[in-house]
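Listed below, chain by chain, are the residues.
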Amino acid sequence: MRKHHLAALFAPLIIAGCGQAAPKQASAPLAAQQLGPGATSRLTTPWTNQAVAAAVPLPEYPRPQLTRAKWLNLNGQWDYTGGRNAPSAQNPPQTAPALANAPERIRVPYPPESFLSGIRRSNDLNSWYKRTFTVPSDWSGQRVLLNFGAVDREAVVYVNGQQVGRHSGGYDAFSFDVTPFLRSGSNDLVVGAYDPTDGDGPLGKQTQNPGGIFYTPTSGIWQTVWLEPAPAARISRLDMIPDLVGQRLRLNVRGENLVGKSVEVSVLAGGQPVTTITASATSELSIPLPNARLWSPDDPFLYDLKVRVVGDASADTVGSYFGMREIKVGTVGGIAKPLLNGKPIFQFGPLDQGFWPDGNYTAPTDEALKSDVQLAKDLGFNMIRKHIKVEPQRWYYWADKLGMLVWQDFPHAWNATGNSAVANKFLNESREIVGEHLSAPSIVTWVIFNESWGDFNIPATTNTVRSWDNSRLLNSHSGINFAPGDTGAGDLIDIHDYPGPIAPRPQNNRPAVLGEYGGNCLRVGGHMWNPASKCPYTTYPDQTSLTSAYVGQVNRLRGLAAQGLSAAVYTETTDVEDELNGFVTYDRQIKKFDFAQVTAANKALVSGAAYLQPLSNISLRSVSSGTNNRFLRHQNDLGLTEVVNANSAAQLKQDASWQVVPGLADPSCISLAAINVAGSYLRHASNRLRIDSDTGGSFKADATFCARNALDGNGGLSLEASNLPGFFVHQRGNEVWLDRNDNSAGFKTDATWAVSDAWWRSSAILPAGEFKSLRVTTPGFDNRFIRHSGGQGFTEVVNAGSNSNLKADATWKLVPGLADPSCYSFESRNFAGEYLRHSSSRISRQRPDGKDIFRQDATFCAQRQPGLSSVRFAAYNFPQRFIRHFNAELWIADGLGGNYWNTSGGLEADTRWAIEAPWAP
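Worth saying up front: this structure is predicted, and the values here are computed from it rather than measured.

This brings us to the state of the cysteines. Structurally, a disulfide amounts to a covalent bond that connects the sulfur atoms of two cysteines. On inspection of all chains with the given rule, the structure shows three disulfides. Between the sulfur atoms of C521 and its disulfide mate C535 the distance is 1.8 Å. Its torsion about the S-S bond being 60°, the disulfide of C521 and C535 is classed as right-handed. With C521 in strand β30 (residues 520-521) and C535 in the loop between β30 and β31 (538-539), the pair connects residues that are 14 residues apart, well separated along the chain.

Written out as structure tokens, the structure is:
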């Protein structure tokens, strides 16, 4: 037996759109097939009929980064025998088993669970395929390679009854040299596949019991099968790593029988030769590319590559392409950021599951495969997170060609946690995936684990993956807040939040990213996989409200990006089976959002247009060398910068914190309210920055600033006076002035500010340590107060005639927040040591259990809107959700729907509270 992974022998060539046409396939003598009687479609895509009519489905050359001129596509009709009574493919015989006398017919490469296969049956466990082929006569004298894009999960292959090899792993390609097994004329090919769809190997979101966020499984052959000729001395893999610093491409040629051979490597751009070198086939080649055109989402330029083994006329020749790009972590304005080609880039894209209602794991056509990438591009995204699935290699070609950054997840194995055998299987199969896609310029991040799904020994696993590929970022643990915690491993700090968005704080060497958020749903009759589906997140009644919620979330991301967030992933590209949260329906037939509004919002975020979220609390840090630990503060009414850190006094933290409000003179700009001097705003007067209350005259204009992209070009932002164009908030020594931009490098740096979370998170300063009662301000209910009853939070009418127990229940001691002293916790008057906290959004009274999660759940940050005396209380760990009363119950809510208490109607009034004298002093 011989096992040969194509992941260990991938290589690249030139394809359509990359300067040279892709090789044409030889014709496979197969007739089109009618689908079996049991194959009925639940939903059809715009490409379903085209796929059904094709004599050879997916006729495109399947391996864009390793092409040869001649090949034979084996897709189409095969004989099929499946089921738990079929011969075992897990423990197969040495010779091909005899299959049923009257087997079914299946259309390869669509999996048997899919409509397009003609079978549409799940849980066969063992799948057996059979067909014949004839080797073209002009392949004489060549080795014949049999290639599989992917088979889920274990495969055994026979040619003319003899076993030629086995392969384990459902997501990587593999290949066998079948030359010794061939005979003249017709040859028999039999493939057996074993797939239990269980947790003992990587399986992604496949399940034998689909529902919720898990889907119909895929078994057996699900990517193209093909033959190709190659000489004995042949190329089987090209490792291409761009080196921008060295202005070169590092190339390692790997293959069979290449010792002592030389290779000629030619680089072309737009069909024109760039450079050609000849060197040993077994040493690393350095291909000079001075002043190379760099690959990016804005300019996805691809060079063509041709590699030829120097020798006789039958010497191997392959073609490929590559993009010159670099991804790394750097510091911009004191904040860790991902840098693409040396420049910071906010990465924003959808979570993409890669499922199809007609083909399951397999897209019906290549145009369909491209369409999901094109959809993301058209919506203004620059990144896709490919979620716990690995696609056919042509998907990555389209991402390379269209200019889409890719975060590539490793498919998880549930049982890898605590099971070393399964963990090793996960590592082995992940290594094959990395090798197969090592040269794709689009892939910039490997996502090793998602939440706590099959995770194990995260730091060591991260080091292992880095040893395979140190040219990309590693996201070791996406969604650490849904897992035991952050181990500190990897290049990114990543949380998930639904509906969100919130963001983690950047660390010294790890950019902050939001690996999942959103999930906004809309039901579209006639276009749902399951008409009874219930959205796992938030459902909206129509396109208008859905789009409005989405745009609001993107605007929040713009504010978070100004504070250091580096990437975000929205759930998701399309509906998937029971999930209804896509931009389009599962059948790709209906646009669910107003795409024009979505695209405009996305582009504003991705472009980095300066933005500050209204009513957010921020601090502004100098980015100038030597003063980049100083923050803008007020002292004696004047604007200064001063060092602020975690140990600073509360007064200094408050002075260095500002509430962003719509511009007093221009609501398209902003004003900065001092949080600890009510009614005062940062303004310029005789060019000095200071705080004042409204003195009339030009005050509102003097207190209005427009956020601009950072003058120094390195992140953060600059603040331009709305009434003095060209004048910016500028640091002189430790004083802050309004000065004209003189275009000097020093001025631009001193007029650039890094935005961070406020040192004091509450914009309303309340009397900590005092007892108070909190009154509803909603008209018609403003005689009700927050109380506890039976341990739960409610509101109830309280007045002078109320009994003493009710008065005590409605009295709370305001104490510094258990999780953050710049916020507040509410200690019960008559149950000392117990606090209001939220859990599953409901607010109750509980005693601390010593855990951080309790302290966070029991901490609320007070927010005051200028001009109003009432206060809102934002949950410390969900800052866009506020204490709300609904039907006398207390919840934390954001008005984004999904629950009866979370409606948008009345949210503003129902989340405002008056702080009053205590009913029980």
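So, about the packing of helix α2 (residues 366-378) against helix α3 (residues 393-402). Viewed as axis vectors pointing N to C, α2 and α3 meet at an angle of 40°, and their least axial separation amounts to 9 Å. Considering their axes alone, α2 and α3 lie oblique with respect to each other. For the pair α2 and α3, the sense of crossing is right-handed. Residues D366, L369, K370, V373, Q374 and K377 of α2 pack against R394, W395, W398, A399 and L402 of α3. Its residues assigned to classes, the contact of α2 with α3 shows six nonpolar, one polar and four charged.

Along the chain, V108 connects to P109 via a cis peptide bond; the corresponding omega equals 15°. In this structure, P109 sits in the loop between β3 (104-108) and β4 (126-134). In the segment running from T571 into E572, the intervening peptide bond is cis, with an omega of 10°. Tracing the chain through its elements places E572 in the loop between β32 (565-571) and α7 (595-606).

A separate point is the sheet that holds strand β2 (residues 76-82). Strand order in this open sheet of six strands is β3-β2-β4-β10-β7-β8, and the pairing throughout is antiparallel. A single partner strand is all that each edge strand has here, and the edge strands are β3 and β8 (162-168). Sheet twist, expressed as the average angle between the axes of neighbouring strands with direction ignored, equals 30°. Relative to β4, β2 runs antiparallel, the two being bridged by four bridges. Among the inter-strand pairings, G82 is bridged to a residue of β4, identified as S127.

Each value, and the rule that gives it
Residues numbered from 1 in each chain as written. Predicted model: local features only at pLDDT ≥ 70, side-chain atom pairs only at ≥ 80, totals over all residues. Heavy atoms only, no water. Disulfide = S-S within 2.5 Å. Helix = DSSP H or I, 4+ residues; strand = E, 2+ residues; numbered from the N terminus. Axes fitted to C-alpha atoms, helices over the stretch in contact; angles between N-to-C directions. Parallel < 35°, antiparallel > 145°, perpendicular 65-115°, else oblique. Left-handed = near helix turned anticlockwise from the far one by under 90°. Contact = heavy atoms within 4.5 Å. Nonpolar A, V, L, I, M, F, W, Y, C, P; charged D, E, K, R; others polar. Pairing = 2+ DSSP bridges.

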